[in-house]
Amino acid sequence: MTEKMYIEENSEYLKNNPTWHIEGSPWKAKQILKMLNRNPIDPKSIAEVGCGAGEILNQLYSSMPEDVIFSGYDISIDAINIAKQREKDRLEFKYEDFVETNEKFDLLLMIDVFEHVNDYLGFLKMCKDKAEHTIFHIPLDISVIRILKNELISSRKSVGHLHHFMKETAIATLEDCGYEIVDFFYTTSFMDFPRKTISSKITYFPKKIMYKANKDLAVKLLGGCSLLVLAK
């Protein structure tokens, strides 16, 4: 295996994130299906790099046509051990460095991945020719409120975000790596998930009102969104 290119393969990540974010997988799969419904592509082979526990692919397996083949890749043995429990016909998981595979796919999924990668530009370039289209889900960590609250450091410690993006820098990064942007939209976790903290409850209505008035301004000031991008 080459240099570890995604989340470091050790028990610390599993310790900090014992569910490997399975609880958010149905929502993420729903966003992917929304993107596919918005665009005239009909993938028959789908791979996910950094698949984690495999629940996103498992959700897509249940929602897409029966002729679609799904493959998940991760270099964390902890993640793959969990994902293997979801294997079935047309859905497999591999403990393998994706950049070393010679396989080609119709669609590659990179869901909350490259912000964890040390050399994220090199990683994106190496993945580009492995699929006709790629869907990225990119956390937009950079917002005024998160900078003021020093939350970039907390996300670095808790979920391992080494790099931080806003919409414009995320799109520019993909274009710099040779991707052509086909479509994108914000995903609104602040509206779609239960508000568990006092801070999230206080900021919910201002975020919602501002988001309806001016999405870009709301995301830059108050955060709470990620970006889903379809590229080729």
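Presented here is an overview of the structure given in this document. (Residues numbered from 1 in each chain as written. Predicted model: local features only at pLDDT ≥ 70, side-chain atom pairs only at ≥ 80, totals over all residues. Heavy atoms only, no water.)

## Points about the overall build of the protein chain
Step number 1: Counting secondary structure elements, the protein chain contains 11 helices and seven strands.
Step number 2: Within the protein chain, buried positions represent 50% of all 232 residues.
Step number 3: Here the analysis covers contacts within the protein chain between residues at least 6 apart in sequence; of these, 75% occur between residues at least 24 apart.
Step number 4: Split by element, the accessible area of the protein chain, about 11,200 Å² in all, is 53% carbon and sulfur. (Helix = DSSP H or I, 4+ residues; strand = E, 2+ residues; numbered from the N terminus. Buried < 20%, exposed > 50% of the residue type's maximum accessible area, 1.4 Å probe, protein only. Contact = heavy atoms within 4.5 Å. Areas by Shrake-Rupley, 256 points an atom, 1.4 Å probe, with all protein chains shown as cover.)

## Observations concerning the environment of Trp27
Step number 1: Considering the arrangement of structural elements, one finds Trp27 in helix 2 (residues 25–38).
Step number 2: Taking the relative accessible area as the measure of exposure, Trp27 reaches 12% and is therefore buried.
Step number 3: Considered as a pair, Trp27 and Asp192 are 165 residues apart in the sequence and their alpha carbons are 8.4 Å apart.

## Here's the deal with helix 2
Step number 1: With 14 residues, helix 2 extends 20 Å between its outermost C-alpha atoms, agreeing within 8% with the 20 Å of an ideal straight helix rising 1.5 Å per residue.
Step number 2: Three or more residues of helix 2 are buried, namely Ser25, Trp27, Lys28, Ala29, Gln31, Ile32, Met35 and Leu36.
Step number 3: As for helix 2, its buried residues are in contact with helix 3 (55–63), strand 4 (105–111), strand 5 (131–139), strand 6 (181–187), helix 9 (189–192) and strand 7 (226–231). (Expected span 1.5 Å × (residues − 1).)

## Quick notes on the side chain of Asn39
Step number 1: Topologically, Asn39 is positioned in the loop between helix 2 and strand 1 (45–49).
Step number 2: If we ignore the near neighbours within four places in the chain, the residues touching Asn39 are Val182, Asp183 and Leu230.

## Structural notes on the pattern of salt bridges
Step number 1: With the rule as written, the count across this model stands at 13 salt bridges.
Step number 2: Between Asp67 and Lys44 there is a salt bridge whose closest N-O contact spans 2.9 Å. Within this pair, whereas Asp67 is found in the loop between helix 3 and strand 2 (69–74), its partner Lys44 is found in the loop between helix 2 and strand 1, the two being separated by 23 residues in sequence.
Step number 3: Take Lys44: its relative accessible area is 32%, and that puts it in the partly exposed class.
Step number 4: Between Arg146 and Glu151 there is a salt bridge whose closest N-O contact spans 2.9 Å.
Step number 5: Taken together, the shared-partner salt bridges connect Asp141, Arg146, Lys149 and Glu151 into one network. (Salt bridge = Lys/Arg side-chain N within 4 Å of Asp/Glu carboxyl O.)

## Observations concerning the sheet that holds strand 2
Step number 1: The seven strands lie next to each other as 3-2-1-4-5-7-6, forming an open sheet whose pairing is mixed. Pairing within the sheet leaves two strands with one partner each, and these edge strands are strand 3 (91–95) and strand 6. Adjacent strand axes in the sheet meet at a mean angle of 15 degrees when their direction is disregarded.
Step number 2: Relative to strand 7, strand 5 runs antiparallel, the two sharing six bridges. Across the sheet, residue Thr134 finds its bridge partner in strand 7, namely Ala231. (Pairing = 2+ DSSP bridges. Axes fitted to C-alpha atoms, helices over the stretch in contact; angles between N-to-C directions.)

## Thoughts on unusual backbone geometry
Step number 1: One non-glycine residue, Asp112, lies in the positive phi region at around 55 degrees.
Step number 2: One can find Asp112 in the loop between strand 4 and helix 5 (120–127).
Step number 3: Judged by relative accessible area, Asp112 falls into the buried class, the value being 19%.
Step number 4: Despite not being glycine, Asn150 has its phi angle at roughly 60 degrees, a positive value.
Step number 5: Mapped onto the secondary structure, Asn150 falls in the loop between helix 6 (144–148) and helix 7 (151–159).

## Things to note about a positive patch on the surface
Step number 1: A contiguous patch of positive charge, built from Lys30, Lys34, Lys212 and Lys215, is present on the exposed surface.
Step number 2: Relative to the elements of secondary structure, Lys30 occurs in helix 2.
Step number 3: With a relative accessible area of 58%, Lys30 lands in the exposed category. (Patch = residues over 30% accessible without salt bridge, like charges linked within 9 Å, V, L, I, M, F, W, Y side chains within 5 Å. Lys, Arg positive; Asp, Glu negative; His and termini not counted. Charge placed at Lys NZ, Arg CZ, Asp CG, Glu CD.)

## Things to note about helix 11 (residues 215–222)
Step number 1: Looking at helix 11, one finds that the buried residues are Ala218, Val219 and Leu222. For helix 11, the buried positions fall inside an angular range of 100 degrees around the axis, keeping them on one side.
Step number 2: Taken together, the buried residues of helix 11 touch helix 6, strand 6 and helix 10 (198–213).
Step number 3: At the N-terminal boundary of helix 11, the capping side chain belongs to Asn214, with an oxygen 3.4 Å from the backbone nitrogen of Asp216.
Step number 4: At the C-terminal side of helix 11, Gly223 shows a positive phi close to 70 degrees. (Arc of directions from axis to C-beta. Polar contact = N/O pair within 3.5 Å; in protein donor to acceptor, adjacent residues only side chain to side chain.)

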